[in-house]
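# Descriptive structure summary
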Amino acid sequence: METLRIKKAPILFPLLFLAAALAAYTFFHFQSVTAADCLTLGQQHLNELDYEGAIMEYSNALEMDPSSTEARLGLARAYAGSENYALSKEILTPMVYTQEPEESTAVLMEEVLEKTNQPAQAAGVARTLIELTDDEQYYDLLNRLLAELRSAPRSCALGTDQALMIQDGRLYSRGSNRLGQLGTSNGDTDVWTDAAFPGVPQRVSCAGRTSLVIDQDGILWAAGENRWGQWGEGYALTAPKTGWQQLNTPGRVVQAEGTTGRLLILLEDGTLWTAGAENIQEFTRLTRFPIVSEICACTGRAAVLTVDGSLYTSDTDTPASWTLAAQEAVAFTLSEEYGLCWVDQEGTLYMEGELIQLPPALLLEGSRPTAIAAGGGRILCLTQGGALWNLTDLENGEEISAPGSEITAVYPLGDSLILEYGDGTLRRWHADMAVPQELS
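Below or above, wherever it landed, is the structure these notes cover.

Scoring rules and cut-offs
Residues numbered from 1 in each chain as written. Predicted model: local features only at pLDDT ≥ 70, side-chain atom pairs only at ≥ 80, totals over all residues. Heavy atoms only, no water. Core = buried A, V, L, I, M, F, W, Y, C linked by side-chain atoms within 4.5 Å. Buried < 20%, exposed > 50% of the residue type's maximum accessible area, 1.4 Å probe, protein only. Helix = DSSP H or I, 4+ residues; strand = E, 2+ residues; numbered from the N terminus. Contact = heavy atoms within 4.5 Å. Expected span 1.5 Å × (residues − 1). Phe/Tyr/Trp six-rings, centres within 6.5 Å; stacked < 30°, edge-to-face > 60°. Lys NZ or Arg CZ within 6 Å of the ring centre and 35° of its normal. Polar contact = N/O pair within 3.5 Å; in protein donor to acceptor, adjacent residues only side chain to side chain. Arc of directions from axis to C-beta. Pairing = 2+ DSSP bridges.

### With respect to the nonpolar core
In a soluble, globular protein the nonpolar side chains are often hidden away together inside. Core analysis: the largest hydrophobic core is formed by 39 residues, its most contacted members being Leu75, Leu92, Leu108 and Leu142. Of all the elements in the fold, those that place two or more residues in this core are helix H2 (35-47), helix H3 (51-64), helix H4 (69-81), helix H5 (85-96), helix H6 (103-115), helix H7 (119-133) and helix H8 (136-149). By residue number, the principal contributor to this core is H4, which donates seven residues. Those residues in contact with Leu92 that lie beyond four places of it in its chain are Leu73, Ala76, Thr105, Leu108, Met109 and Val112.

### Re H7
For an α-helix, the turn length of 3.6 residues means that residues three or four places apart are oriented alike. With 15 residues, H7 extends 21 Å between its outermost C-alpha atoms, agreeing within 8% with the 21 Å of an ideal straight helix rising 1.5 Å per residue. Looking only at H7, the buried set comprises Pro119, Ala120, Gln121, Ala122, Ala123, Gly124, Val125, Ala126, Leu129 and Ile130. Contacts made by the buried residues of H7 are with H6, H8, strand S13 (292-298) and strand S17 (329-335).

### Quick word on the packing of aromatic side chains
Enumeration over the complete set of coordinates arrives at five aromatic pairs. Arranged with centres 5.4 Å apart and planes meeting at 15°, the rings of Trp342 and Tyr350 form a pair that is stacked. Of the two residues examined, Trp342 and Tyr350, each falls in the buried class. Here a set of aromatic residues connected by ring pairs shows up, and it is made of Phe197, Trp221 and Trp244. We note Arg154 situated over the ring of Tyr411; from NZ or CZ to the ring centre the distance is 3.9 Å.

### Observations concerning the side chain of Ser211
Positionally, Ser211 belongs in strand S6 (residues 210-215). One polar contact links Ser211 to Gln162, side chain to side chain, over a distance of 3.2 Å. From its side chain, Ser211 meets the backbone oxygen of Gln181 in a polar contact 2.6 Å long. Excluding residues that lie within four positions of it along the chain, Ser211 makes contacts with Gln162, Leu164, Gln181, Ser205, Cys206, Trp221, Ala222, Ala223 and Trp244.

### Examining H2
Here H2 contains 13 residues, and its C-alpha end-to-end distance of 18 Å stays within 8% of the 18 Å for a straight helix at 1.5 Å per residue. Of all the residues in H2, the buried ones are Ala35, Cys38, Leu39, Gly42, His45 and Leu46. Buried residues of H2, seen end-on, are gathered within an arc of 125° and therefore sit on one face of the element. In H2, the exposed positions angled more than 90 degrees off the buried face are occupied by Thr40 and Asn47. In this fold, the buried residues of H2 make contact with H3 and H4. Immediately beyond the C-terminal end of H2, within one or two residues, lies Leu49, with a positive phi of roughly 60°.

### A closer look at the sheet that holds strand S10 (residues 262-267)
The four strands lie next to each other as S9-S10-S11-S12, forming an open sheet whose pairing is antiparallel. Strands at the two margins of the open sheet, each flanked by one partner only, are strand S9 (253-259) and strand S12 (284-285). Where S10 and strand S11 (residues 272-275) come together, four bridges link them in antiparallel fashion. Residue pairing across strands places Ile265 opposite Trp273, the latter belonging to S11.

Worth remembering: the numbers are spatial, not functional.
Written out as structure tokens, the structure is:
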């Protein structure tokens, strides 16, 4: 054993000396490297698209100077460049949602939100950029994002006793015409009949026995009931008018929703206006909502989603009272059967405030829900990748294959769900149907 100890010593001592020398070199070398050096190297790596190198250098800079805004922004850029948007957003969030964020930080956050298919949140940041700079390019950005939010079609609507449908650029109606809600002077009909609409219809909705159509120029038309002055014309009528009436709205309309006797209209600029409720017979702006991304209504309830992800609801009995239902919401649906359901930024589903655990595959990057619809005994959602999921069995959701081309919209309609496809096909999915069937 003594012999072995004598032989190891000459080898062990040089190794220990070398390790000590390397440690000393590393210590003294990094003592001479400053945060500024790391920032310079980080920017160099970014310029060369070497994101891993940039992440390392900006991380070192932050260790040396935790207060460095430049290091945080650089690190967020590096993570975004490497497509790790979750970490980029995590870094940017406390920098953007302050009273006076930097323009460059807000610009990067907007880009990250667009990359992760969150146009509503991106629109909120665009609004922040407008407040910071009043630059025309950010007005254009906001308008583009708002247009994207409202691009989903809505070609079917169901009222109290009437229905509307857009097919091949023409408007059709059926049901009761007691108050002129079919838009024609004809009587009641059980079959789809040309509604004699004077323009090119783009979007339809119903509020009680009032039928509403937005044309390709953003003009809102109404037919049927105006008993509470919900047309915003300054007066109410108990007798119906014949045919479609163009409403005098404050601007181009992108969405119109309502309950019986109450109309909500969303304008192109994101402002929300109302008429009918509480004896308001002219369009009045709801100033508590600066910029709205989407509105929805069913028989006794309305919901509003703002660009900052705040979701509000209001009941027909108390139309002036709006209750905050959720924050950081990205998509929602409102139906008689399931009530209010929404998805938040993390991809979590809520049903009337109750958290619903989604299938793990739906939470993967690129697969998070972007649209949701509940009705007809089913809960469906569309994902960032364009997949359609059936979440009716909340514990065992499954991706489903629906016939037709790409699905562009899904929404509740009475006791069914409507699926709209890129080729203009409309399919209805009722609880008793194994698969969606073409609407007829």
